[in-house]
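Given next are the chains, with one letter for each unit.
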Amino acid sequence: MAQSLELLLIQFLMPDNDARRQAEEQIKRLAKDPQVIPALIHHLRTAKTPNVRQLSAVLLRKKITGHWAKLSPQLRHLVKQSLIESITMEHRFPPVRRASANVVSIVAKYAVPAGEWPDLLPFLFQCIQSAQEDHREFSLTETIGNTFQPHFADLQALLLKCLQDETSNRVRVAALKAVGSFLEFTQDGAEVVKFREFIPSILNVSRQCLASGEEDVAIIAFEIFDELIESPAPLLGESVKSIVQFSLEVCSSQNLESNTRHQAIQIISWLAKYKSNSLKKHKLVTPILQVMCPLLAESANGDEDDDLAPDRAAAEVIDTMALNLPKHVFPPVFEFASLSSQNANPKYREASATVLGVISEGCLDLMKNKLEPILHIVLGALRDPEQMVRGAASFALGQFAEHLQPEIVSHYESVLPNILNALEDTSDDVQEKSYYALAAFCENMGEEILPFLDPLMGKLLAALQNSPRNLQETCMSAIGSVAAAAEQAFVPYAERVLELMKNFMVLTNDEDLRSRARATELVGMVAMSVGRMKMEPVLRPFIEAAISGFVLEFSELREYTHGFFSNVAEILDDGFTQYLPHVVPLAFSSCNLDDGSAVDIDESDDENINGFGGVSSDDEAHDEPRVRNISIRTGVLDEKAAATQALGLFALHTKGSYAPYLEESLKILVRHAKYFHEDVRLQAIIALKHMLTAAEAIFRGHNEGPAKAKEIIDTVMNIYIKTMKEDDDKEVVAQACMSAAEIIKDFGYMAVEPYMPQLVDATLVLLREESACQQQESDSDIDDNDTEHDEVLMDAVSDLLPAFAKAMGPHFAPTFATLFNPLMKFAKSSRPPQDRTMVVACLAEVAQDMGAPIAGYVDSLMPLVLKELASSEATNRRNAAFCVGELCKNGGESSLRYYGDILRGLYPLFGESEPDDAVRDNAAGAVARMIMVHPEAIPLNQVLPVFLKVLPLKEDREESIAVFTCICNLVVASNSQILALVPDLVNLFAQVAASPVETSEVKAQVGRAFSHLISLYGHQMQPLLSNLSPVHANALAAFAPKS
């Protein structure tokens, strides 16, 4: 073989492509035989041409893994000996030596752990201390970490020495790479502590290299820091301070290459994402922001790659920090924005508006409390003479509209006119961003939009007909938001909009397909606004156009088409059944699409430098290259998520008619519930609940129905329980909790009884914050005083307890006993107010439905609830008032001794100083429950005048039944204290009788009490009735007993 192989290696290196191709085929065939190894070793040692020797080593590296186990001990010895000789003897051709060193790395993986290469470590130590630069460089092979882990301590001293080797850049680089390879295998506590000693040397090497212009070496250091940050072992320790300091120095240095600065910014970004508590602990947040915020004002070079531009990278860091550390980020950013908004340099004024837009998602709660001064800055920027500043302001307004809901909508009188003016801007960029801001702003508006509807639609319809494509698309989004806000008031504009959309929905040129997608989406939104009666007669051509768009191979169009069909299903309900045979297969095809994931493998340099890549691409390469980058076709993800959502909505709205598609849909959803991307998993979790609703309708009345339904609920509940414990995305877990709670509510306790132990266990795991999605970073202390309220997840988890209580009633008591202490951890005074009110609201609902067993917890809960009545947050006071009422209603004698404290706590909520109507309504509900349970414990002569004065209820109508049952029971019982207040009662009853929002049940109660008053006082009531307005008098007269 050796002779024929030599000829093939020479042929492979020829410039003639045909000759190369033939040689490659022959080499691949020969390489399947283990005898190729000694043949390649022979050529590595004896071939006259360096290129043939190098190619032999490259092929050895690829083939040795597959054949090593089949080689005899003698051959293995030959391989090891020859490699060492190649490294020590190849003085004139470093590429051959490097290629041989790479083979040593592979062989060492197998031979060293098996005790078959005892000479290797002494040889490497000898090389590390050699006077020859090449030997020192070779010895630092990158696979050193795993192979020589047991000798970590000995190697550390030598590696540190090489890191400080000032005579050779190559040795320092090799040492850096070797240090990097240790990371993966450094888990043990002592090793972790020892490893941290490398960091100062890595920083020193990097600083020296940057000073001498060797930026590529510094980039290797950043790659190591990247690994350090992502490592599950706590490798950073105190070094986080020096790493941040170095990274900030680099990203501030405008004389360095974009890529180098970008790598430094990226390190800060990873720290913010994975080690945010370390940044907080070491007080690094403000120093980082003091560098990042000014970077937003740095002008990018014209020839610079956008993704490497420092302003863009800095914006990403600030965004990540805001999401993870909002309380620490907002004050310095707001200070920067306030000062920069007055700067003479327009780049700083632009940065001022940009940074407020960037942090609005993460810092939403803090920004909502400072909306006035924030809007002052941004609306001022929207009128700036410089286009770039106006563009940033319109971007920021779009972000505010998206993230600062619903508070931002209350500023519509100042915001909307400014956005309308910006739509007329001379700059297309400002116009486009303003249409986006308008779309996002209107999305959450209701009837407030009506005064603006005509001027808005005038501008939008004109722009839709006279603008370039990109503006038309943003314009369609804005019209969709206006339609959603205006609802039936949009009817006068619907026909014109739909007529225009017909023109867009037949476009077939590639460059027009995004516009077609937007038009398809808009028709669905218009349909939702105007409703079934107006839409059904004109719908068919739009559905046909949407179906025909599927063959155009444009993922975004298919995604929006699924959204359109979902909207149509929602308005037509069972009327959508006729379309199922056409649209369900389209959703199936999108769900079954290949993701097109692409993995970018980082291969060793030497194959590709000299064109040796081809021969190494066969199936036997078992080597483990490092995965450098995974890229996914995100369009396909969005399409899959939309199709998954559509299947759920089709099932929900067509119910029994969905039978032919149920089985295949369930297979897809079960698969998608485990999908790698959270957006698709989220839609699968939602859709599974809808499938359950359809299945119940499908199997109702079937002989095999109960068994089939049981099979499906089994599948769904097991997925939800597994998701709650194991999914790493909080939104997906929250949705699983909400869906489980809905199933309990819709299908009753008996349906979920078999799963209760696992469901309770999963709830316990979440309350203890031990689930996969709640794992904190490993190497930093979590300060309880600095915890953020986890609104997405914990609000959903805490809703499970009331769902259990509602389904089980008093039988929930033993289960509640296991959940009580983990829940109460969130009520500590050190937790954020949102955590405490979440607990109080949860307990109120549990008390309401569990009933008498809550009495055993009254003494534990009452101090918390009384304290919450005096909270500075309206939501906390409201929930506390509701909770105290339920504790009194269901807490029996245990609550009675707290009545005095409770009344003192509730009294301020009835006064002028209470700004929130909902708080006052809940306080009234609490007093009503207290009176109904223990009227003898209430000083009615003092309480009733204050109580009646705040009625009727203004906001929380759910309290009406309790409030009016209490009043009417007192009246019908002829209670002397309430009969002293007849004028107030008549006035109140008249308002309730005339109210369009009170229920018939409440009005019936009032009618009964009023009739009793008439029976008691007869004609004496007449003066009181004549004082009422005609509307009120007539409403009340309807309840008077007929004489």
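It should be emphasised that the depicted structure is a prediction, and the values quoted were computed from it without experimental measurement.

Rules of the game
- Residues numbered from 1 in each chain as written.
- Predicted model: local features only at pLDDT ≥ 70, side-chain atom pairs only at ≥ 80, totals over all residues.
- Heavy atoms only, no water.
- Buried < 20%, exposed > 50% of the residue type's maximum accessible area, 1.4 Å probe, protein only.
- Helix = DSSP H or I, 4+ residues; strand = E, 2+ residues; numbered from the N terminus.
- Arc of directions from axis to C-beta.
- Contact = heavy atoms within 4.5 Å.
- Axes fitted to C-alpha atoms, helices over the stretch in contact; angles between N-to-C directions.
- Parallel < 35°, antiparallel > 145°, perpendicular 65-115°, else oblique.
- Left-handed = near helix turned anticlockwise from the far one by under 90°.
- Nonpolar A, V, L, I, M, F, W, Y, C, P; charged D, E, K, R; others polar.
- Salt bridge = Lys/Arg side-chain N within 4 Å of Asp/Glu carboxyl O.
- Polar contact = N/O pair within 3.5 Å; in protein donor to acceptor, adjacent residues only side chain to side chain.
- Phe/Tyr/Trp six-rings, centres within 6.5 Å; stacked < 30°, edge-to-face > 60°.
- Lys NZ or Arg CZ within 6 Å of the ring centre and 35° of its normal.
- Core = buried A, V, L, I, M, F, W, Y, C linked by side-chain atoms within 4.5 Å.
- pLDDT = per-residue confidence, 0-100.

### Some points on helix α50 (residues 899-906)
Spacing of three or four residues puts side chains on the same side of an α-helix, whose turn is 3.6 residues.
Okay, step 1: Looking only at α50, the buried set comprises Y899, I902, L903, G905 and L906. The buried residues of α50 occupy one face: seen down the axis, they fall within an arc of 160°.
Okay, step 2: Taken together, the buried residues of α50 touch α47 (858-868), α48 (874-890), α49 (893-896), α51 (917-933) and α52 (940-949).

### What about helix α32 (residues 540-548)?
Okay, step 1: Those residues of α32 lying buried are F542, I543, A545 and A546. The arc that holds every buried residue of α32, seen down its axis, measures 160°, which confines them to one face.
Okay, step 2: The secondary structure elements touched by the buried residues of α32 are α29 (491-504), α30 (513-530) and α33 (555-572).

### Some thoughts on the packing of helix α42 (residues 756-767) against helix α45 (residues 813-824)
Okay, step 1: Two numbers describe how α42 lies on α45: the axes approach to 9 Å, and their chain directions differ by 15°. Considered as vectors, α42 and α45 are oriented roughly parallel to each other. For the pair α42 and α45, the sense of crossing is left-handed. Seen from α42, the contacting residues are V760, T763, L764 and L767; seen from α45, they are T815, T818, L819, P822 and L823.
Okay, step 2: In terms of residue class, the contact of α42 with α45 is built from six nonpolar, three polar and no charged.

### A closer look at the pattern of salt bridges
Okay, step 1: Under the definition given, this model contains 40 salt bridges.
Okay, step 2: The salt bridge involving E499 is made with K502; its shortest N-O contact spans 3.8 Å. In this pair, E499 and K502 both sit in helix α29, three residues apart, roughly one turn of the helix.
Okay, step 3: Residue classification places E499 among the partly exposed positions, given a relative accessible area of 42%.
Okay, step 4: Given the relative accessible area of 37%, K502 is considered partly exposed.

### Brief notes about the environment of R920
Okay, step 1: Residue position: R920 is located in helix α51.
Okay, step 2: When its relative accessible area of 14% is taken as the criterion, R920 is described as buried.
Okay, step 3: In this structure the C-alpha to C-alpha distance between R920 and L906, which are 14 residues apart in sequence, comes to 9.0 Å.
Okay, step 4: In this structure, R920 is in contact with L909, F910, G911, E914 and V950, ignoring residues within four places of it in sequence.
Okay, step 5: In terms of polar contacts, R920 uses its side chain to reach the backbone carbonyl oxygen of E914, at 2.3 Å.

### With respect to the side chain of S771
Okay, step 1: If you trace the backbone, S771 turns up in the loop between α42 and α43 (791-798).
Okay, step 2: By relative accessible area, which is 1% here, S771 ends up buried.
Okay, step 3: A distance of 2.8 Å separates polar atoms of two side chains, one belonging to S771 and the other to Q774.
Okay, step 4: Apart from the residues lying within four places of it in its own chain, the contact partners of S771 are M724, K725, V765 and L766.

### Let's talk about unusual backbone geometry
Okay, step 1: Here the bond from Q405 into P406 is cis, since omega is -5°, no more than 30 degrees from zero.
Okay, step 2: You can see P406 is positioned in the loop between α24 (387-403) and α25 (412-422).
Okay, step 3: In this model, L951 is joined to P952 through a cis peptide bond whose omega is 0°.
Okay, step 4: Mapped onto the elements, P952 comes out in the loop between α52 and α53 (960-972).

### Some points on the packing of aromatic side chains
Okay, step 1: Summed over all chains, the structure comprises 15 aromatic pairs.
Okay, step 2: An angle of 35° between the planes, with centres 5.8 Å apart, marks the rings of W270 and Y274 as tilted. Note that W270 and Y274 are positioned in helix α16 (residues 258-274) at a spacing of four residues, about one turn of the helix.
Okay, step 3: On the basis of relative accessibility, which here comes to 21%, the residue W270 falls in the partly exposed class.
Okay, step 4: Cluster of aromatic residues (ring-pair linked, three or more members): F804, F812, F816, F820 and Y857.
Okay, step 5: A cation over an aromatic ring shows up here: R20 above the ring of F12, its NZ or CZ 4.8 Å from the ring centre.

### A short note on the nonpolar core
Okay, step 1: With 303 residues, the main nonpolar core has L906 and I967 as its most contacted residues.
Okay, step 2: Considering every element that reaches this core, the biggest residue donor is helix α38 (residues 678-699), with 11 residues.
Okay, step 3: Setting aside anything within four residues of it in sequence, one finds L906 in contact with L869, A881, V884, A923, A926, V927 and M930.

### Focus: the environment of K347
Okay, step 1: Summarising the element assignment, K347 is placed in helix α21 (residues 346-359).
Okay, step 2: Residues K347 and A297, spaced 50 residues apart in sequence, show a C-alpha to C-alpha distance of 4.9 Å.
Okay, step 3: Residues within four places of K347 in sequence aside, it is in contact with A297, E298, S299 and M388.

### Structural notes on the confidence of the model for the chain
Okay, step 1: Mean pLDDT over the chain stands at 85; residues scoring 70 or higher make up 87%.
Okay, step 2: Ignoring residues within four places in sequence, the model shows residues 597-614, a span with pLDDT below 50, making 49 contacts including any to other chains.
Okay, step 3: Below a pLDDT of 50 lies the segment residues 777-782, which in the model reaches 21 contacts outside its immediate sequence neighbourhood of four places, other chains included.

### Here we look at the side chain of Q774
Okay, step 1: Within the secondary structure, Q774 is located in the loop between α42 and α43.
Okay, step 2: Taking relative accessible area as the criterion, Q774 reaches 9% and is therefore assigned buried.
Okay, step 3: Within the structure, the side chain of Q774 is placed 3.4 Å from the backbone nitrogen of E770, a separation counted as a polar contact.
Okay, step 4: Once residues within four sequence positions are removed from consideration, Q774 is found in contact with V765, L766, E769, L793 and M794.

### Notes on the environment of P294
Okay, step 1: If you trace the backbone, P294 turns up in helix α18 (residues 285-295).
Okay, step 2: Taking relative accessible area as the criterion, P294 reaches 28% and is therefore assigned partly exposed.
Okay, step 3: Taking C-alpha positions, P294 is 8.9 Å from A314, a pair spaced 20 residues apart along the chain.

### Thoughts on the packing of α32 against α33
Okay, step 1: At a closest axis distance of 10 Å, the pairing of α32 and α33 adopts a crossing angle of 150°. As judged from the angle between their axes, α32 and α33 are roughly antiparallel. Of the two elements, α32 crosses α33, and the hand of that crossing is left-handed. Residue-level contacts link F542, I543, A546 and I547 of α32 to T561, F564, F565 and V568 of α33.

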